[in-house]
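What follows is each chain in one-letter form.
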Amino acid sequence: MGQQHRKMATATVLLALLPVALTACGDDETTEGSAPATQQAPAREAAAKSRERVQAYLDALTARDVAAGRSQLCAPLQAAFDTSATGPNGDFADHFTVPQATITDVRTGPRGQEVSASVTVAAGSRTATRALLFTVTRTGADWCIAGEAPGGNSAQPAGTP
């Protein structure tokens, strides 16, 4: 029974990450004095939108609202989510509750924004806290969760190339 609880805590809705990169945005015609602010604006927007999407998903987990969780996912993930979300090891399985879920880090990754979260899962009287890494990407004018996997970013950001 202990192993089942370990599996449920590390279960993911979907491990496959889509090879979708964020579309570069910004103003190519910047003046000398405005370049730093212009370059930072898209990064701040990406971080804010990514945090917003993952927080909505974590709120849905806590509230046990499958439809609200599904709506945060990119369209290609929704069919897999529908078949696994409430399954025995799905994020919204009947025997799990999520008393606490917190975003711990947001940064740019190779496939989009990476949002690390700490999620406490309870099954009966047993609880476990696990790290999850969400990949969030831009699709047109909107943002969505493109992947979820066990783990998270380290405390120290990786060096920039």
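Quick notes on the rules
Counting restarts for each chain, with residues numbered from 1 along the sequence as it is written. Restriction of local features to residues with pLDDT of at least 70 applies here, the model being predicted, together with a cutoff of 80 or more for giving and counting side-chain atom pairs; totals for whole chains, interfaces and linings are based on all residues. Only heavy atoms go into the side-chain values, all of them from the structure, while hydrogens and water stay out. Note: two strands are recorded as paired if DSSP finds a minimum of 2 bridges between them. For the purposes of this entry, the term helix denotes a DSSP run of H or I that reaches at least four residues, the term strand denotes a run of E that reaches at least two, and both are numbered from the N terminus. In this analysis an axis means a line fitted to C-alpha atoms, helices contributing only their contacting stretch, and an angle means the value between N-to-C directions, from 0 to 180 degrees. The criterion for a disulfide is a pair of cysteine sulfur atoms lying within 2.5 Å. Classification of residues uses two cut-offs on accessible area relative to the type maximum, computed with a 1.4 Å probe and protein chains only: under 20% is buried, over 50% is exposed, and between them is partly exposed. Residues enter a nonpolar core if they are buried and are Ala, Val, Leu, Ile, Met, Phe, Trp, Tyr or Cys, with the set joined through side-chain atoms within 4.5 Å. Contact definition: two residues touch when any of their heavy atoms are within 4.5 Å. Definition used for salt bridges: Asp or Glu carboxyl oxygen within 4 Å of a side-chain nitrogen of Lys or Arg.

Caption draft 1: Layout of the sheet that holds strand S3 (residues 126-139). Pairing in this open sheet of four strands is antiparallel, and the strands run S1-S2-S3-S4 from one edge to the other. Across the chains shown, the open sheet's two edge strands, defined by having one partner strand only, are strand S1 (97-109) and strand S4 (142-150). On average, adjacent strands in this sheet sit at an angle of 25° to one another, irrespective of strand direction. Of the strand pairs in this sheet, S3 and S4 are connected by eight bridges, and their pairing is antiparallel. Across the sheet, the residue bridging to Phe134 is Glu148, located in S4.

Caption draft 2: Broad picture of the state of the cysteines. Taken as a whole, this structure holds one disulfide when the rule is applied. Covalent S-S linkage joins Cys74 and Cys144, the inter-sulfur distance amounting to 1.9 Å. In this structure, the disulfide formed by Cys74 and Cys144 twists by about 85° around the S-S bond and is classed as right-handed. Within this pair, whereas Cys74 is found in the loop between helix H3 (66-70) and helix H4 (75-84), its partner Cys144 is found in strand S4, the two being separated by 70 residues in sequence. With respect to burial, Cys74 and Cys144 carry one shared label: buried.

Caption draft 3: Geometry of the nonpolar core. Counting 27 residues, the largest nonpolar core has Val54, Tyr57, Leu58, Val119 and Phe134 as its most contacted members. When contributions to this core are tallied by element, the ones reaching two or more residues are helix H2 (35-63), H4, S1, strand S2 (112-123), S3 and S4. The dominant element in this core, judged by the number of residues it contributes, is H2, at six residues. If we ignore the near neighbours within four places in the chain, the residues touching Leu58 are Ala101, Thr102, Ile103, Ala117, Val119 and Phe134.

Caption draft 4: Region of the structure containing the pattern of salt bridges. If you walk through the whole model with that rule in mind, you get four salt bridges. Two residues, Arg107 and Asp105, come together in a salt bridge whose shortest N-O distance is 2.7 Å.

Caption draft 5: Spotlight on the pairing of S2. With respect to burial, S2 is a largely interior element, eleven of its twelve residues being buried. Pairing analysis gives ten bridges linking S1 to S2, with the strands arranged antiparallel. Bridging across to S2, Asp105 finds its partner in Ser116. Hairpin connection from S1 to S2: two residues lie between these consecutive antiparallel strands. By the bridge criterion, eleven bridges tie S2 to S3 in an arrangement that is antiparallel. What sits directly across from Thr120, in S3, is Thr129. Here S2 folds back onto S3, and the loop between the two strands holds two residues, one of which, Gly124, carries a positive phi near 70°.

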